[in-house]
Amino acid sequence: MTDNALAQPGPSTPLTLLGTGAMGTALARAWLAAGHPVTVWNRTPARAEALAAEGATVAASAAEAVAANRLVVVCLLDDASVGEALDGADLTGRDLVNITTGTPGQGRSRAAWAKARGARFLDGGIMAVPPMIGAPDSGAYVFYSGSAALFEEHRDTLAVPAGTTYVGADPGFAALHDVALLSAMNGMFAGITHAFALIRREDIAPKDFAPLLVSWLTAMAHSAHKAADQLESGDYGKDVVSSLAMQVAGNATLLRTAEEQGVSAELLRPYMDLMERRLALGNGEEDTTGVVELLLRKP
Ligand SMILES: NC(=O)c1ccc[n+]([C@@H]2O[C@H](COP(=O)([O-])OP(=O)(O)OC[C@H]3O[C@@H](n4cnc5c(N)ncnc54)[C@H](OP(=O)(O)O)[C@@H]3O)[C@@H](O)[C@H]2O)c1
């Protein structure tokens, strides 16, 4: 259930938003601009003042804000702050949408916690930075998981600040999708950092090099589709273009180049070590996808 289009104007559901940090403020502005009555609360009241001037109602406490509306969106720093802020609030009959970044385990525990307090619960993971919120065609979206009924009922309201992608009834799945994508991004940033280090002392302008990085990484990112096909079939030798054996041999050139350029290989080494271990197990004709097997810890 993916819908990356922002919602069209419709009946304006009133809602409560807990947390007016950078992200909460952007969310509140998008709902206010679309005509939704918004009640906000923030631990530090001064941080909600600008929104009051823009039409938001500022509640004196989180409990008061929760009492104001059935739909309660929470965007605080982390799971611990959600527990702290909602301690003492009556959640009976509330539709709690927690788009605070957390782990899958935290999403699941928070869902059980909300259920025990009489609330329906949806967890979320925001795939955007604040300037993308409410901006048409920015590509911003939020992963949601948990109560499908809650999601369907509030889908149009939730789609005002960013697109919506519902990933299942398991309340841990939104966080899992969010963190899996962020983890992949982390690896990409590591690669970009190493590449810039290689050219840093040369007469190559980073601004000329950046577009080359972007187009190469964009082209290579499509290999995720082949990896998915191999994972689903269980055949890591399917449609192999660049075998593990060839890639491990190529790693020597990457390491030698780092040495020649006076650059540490510490960002490259961990992945290369795993590739070498997989090769040593006799999987040279396969793709690198099989490295996934080495990462899975025994339950
Ligand atoms: N900013 C981004 O680029 C971005 C992107 C994706 C997802 N997110 C997620 O969105 C969430 C909010 O991020 P943000 O950018 O708005 O962060 P932020 O600007 O640092 O704001 C943090 C918010 O959490 C509140 N808070 C912190 N500890 C609290 C506590 N113990 N009790 C009650 N409230 C507490 C802060 O209140 P005070 O004002 O009183 O400190 C503030 O409202 C985070 O989970 C973040 O991971 C952010």
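Structure: above.
None of these values were measured; they are calculated from a predicted model.

**Q** Is there a simple way to explain the side chain of Thr289 in this structure?
**A** Mapped onto the fold, Thr289 is located in the loop between α11 (269-280) and α12 (291-295). On the basis of relative accessibility, which here comes to 8%, the residue Thr289 falls in the buried class.

**Q** Is there a simple way to explain the packing of helix α4 (residues 79-86) against helix α5 (residues 104-116) in this structure?
**A** For any two helices packed against each other, one specifies the inter-axial angle together with the distance between the axes. At a minimum axis distance of 11 Å, the contact between α4 and α5 shows a crossing angle of 15°. With respect to each other, α4 and α5 are oriented roughly parallel. In the crossing of α4 with α5, the sense of the turn from one axis to the other is right-handed. Seen from α4, the contacting residues are Asp79, Val82, Gly83 and Leu86; seen from α5, they are Gln106, Arg110 and Trp113. Taken together, the residues of the contact of α4 with α5 sort by class into 3 nonpolar, 2 polar and 2 charged.

**Q** Looking at this model, I keep getting lost on a nonpolar patch on the surface. Mind explaining?
**A** Side chains of Leu182, Met185, Met188 and Phe189 sit close together on the surface and give an oily, nonpolar patch of about 330 Å² of accessible area. Mapped onto the elements of the fold, Met188 is located in helix α7 (residues 173-199). For Met188, a relative accessible area of 38% translates into the label partly exposed.

**Q** Where do I start with the pattern of salt bridges in this structure?
**A** Where charged atoms from two side chains of opposite charge approach closely, those side chains can pair. For the coordinates displayed, the defined rule picks out 14 salt bridges. Salt-bridge contacts for Arg29 lead to Glu54; the nearest nitrogen and oxygen are separated by 2.8 Å. Taken together, the residues span a long stretch of sequence, with Arg29 in helix α1 (residues 22-33) and Glu54 in the loop between α2 (49-53) and β4 (57-58) at a distance of 25 residues. Accessibility expressed as a relative area gives 36% for Arg29, which makes it partly exposed. The partly exposed category is assigned to Glu54, whose relative accessible area is 39%. Of the charged contacts in the structure, one is a salt bridge between Glu276 and Arg269, with a shortest N-O distance of 2.9 Å. The class for Glu276 is partly exposed, based on a relative accessible area of 33%. Look at the salt bridges and you will find they share partners, linking Arg70, Asp95, Arg120 and Glu153 into a network.

**Q** Just checking my understanding: could you explain the nonpolar core for this structure?
**A** Among soluble globular proteins, nonpolar side chains are generally buried collectively. Core analysis: the biggest nonpolar cluster contains 32 residues, and Leu17, Val97, Ile99, Ile133 and Tyr144 have the highest contact counts within it. Element by element, the count of residues in this core is highest for α1, at 7 residues. Discounting residues that sit within four places of it in the chain, Ile99 has contacts with Leu27, Val73, Val74, Cys75, Gly124, Ile126, Val142 and Tyr144. Val72, Leu76, Leu86 and Phe121 belong to the second largest nonpolar core, which has 20 residues in total.

**Q** How do you make sense of the site of the ligand when you look at a structure like this?
**A** What surrounds the ligand is a group of 21 residues, the closest being Met23, Asn42, Arg43, Thr44 and Thr101. Residue Leu76 places a main-chain N or O atom 3.0 Å away from an oxygen atom belonging to the ligand. Starting from 890 Å² of accessible surface for the ligand in isolation, the protein chains cover 78%. Taken together, the elements giving at least two residues each to the shell around the ligand come down to α1 and α4. Per-element accounting of the shell around the ligand gives the leading share, 3 residues, to α1.

**Q** Looking at this model, I keep getting lost on the environment of Thr103. Mind explaining?
**A** When you line up the elements, Thr103 lands in the loop between β6 (95-98) and α5. For the pair formed by Thr103 and Gly172, sequence separation is 69 residues and the distance between their alpha carbons is 7.3 Å.

**Q** Would you explain the packing of aromatic side chains in this entry?
**A** Two numbers describe a pair of aromatic rings. These are the distance of the centres and the angle of the planes. Taken as a whole, this structure holds 4 aromatic pairs when the rule is applied. Look at Tyr144 and Phe151: their rings are 5.7 Å apart centre to centre, the planes differ by 45°, and that puts the pair in the tilted class. The residues Tyr144 and Phe151 share a single accessibility class, namely buried. For the pair Phe196 and Phe209, a centre-to-centre distance of 5.9 Å together with 65° between the ring planes defines the contact as edge-to-face.

**Q** Which parts of the structure should I look at to understand the pairing of strand β3 (residues 38-41)?
**A** The side chains of a regular strand alternate, residue by residue, between the two faces of the sheet. By the alternation rule, side chains of β3 split into Val38 and Val40 and Thr39 and Trp41, which are all buried. Pairing of strand β2 (residues 15-18) with β3 involves 4 bridges; the strand directions are parallel. Each bridged residue has a counterpart across the sheet, and for Leu15 the counterpart in β3 is Val38. Where the polypeptide runs from β2 across α1 and back to β3, its parallel neighbour, the crossover connection is right-handed. Relative to β4, β3 runs parallel, the two sharing 2 bridges. By the bridge assignment for β4, Thr39 is matched with Thr57.

Rules behind the numbers
- Residues numbered from 1 in each chain as written.
- Predicted model: local features only at pLDDT ≥ 70, side-chain atom pairs only at ≥ 80, totals over all residues.
- Heavy atoms only, no water.
- Helix = DSSP H or I, 4+ residues; strand = E, 2+ residues; numbered from the N terminus.
- Buried < 20%, exposed > 50% of the residue type's maximum accessible area, 1.4 Å probe, protein only.
- Axes fitted to C-alpha atoms, helices over the stretch in contact; angles between N-to-C directions.
- Parallel < 35°, antiparallel > 145°, perpendicular 65-115°, else oblique.
- Left-handed = near helix turned anticlockwise from the far one by under 90°.
- Contact = heavy atoms within 4.5 Å.
- Nonpolar A, V, L, I, M, F, W, Y, C, P; charged D, E, K, R; others polar.
- Patch = residues over 30% accessible without salt bridge, like charges linked within 9 Å, V, L, I, M, F, W, Y side chains within 5 Å.
- Areas by Shrake-Rupley, 256 points an atom, 1.4 Å probe, with all protein chains shown as cover.
- Salt bridge = Lys/Arg side-chain N within 4 Å of Asp/Glu carboxyl O.
- Core = buried A, V, L, I, M, F, W, Y, C linked by side-chain atoms within 4.5 Å.
- Near = heavy atom within 4 Å.
- Polar contact = N/O pair within 3.5 Å; in protein donor to acceptor, adjacent residues only side chain to side chain.
- Phe/Tyr/Trp six-rings, centres within 6.5 Å; stacked < 30°, edge-to-face > 60°.
- Pairing = 2+ DSSP bridges.
- Right-handed = clockwise from strand over helix to strand, strands pointing away.

Function cannot be inferred from these measures alone, as they are strictly geometric.
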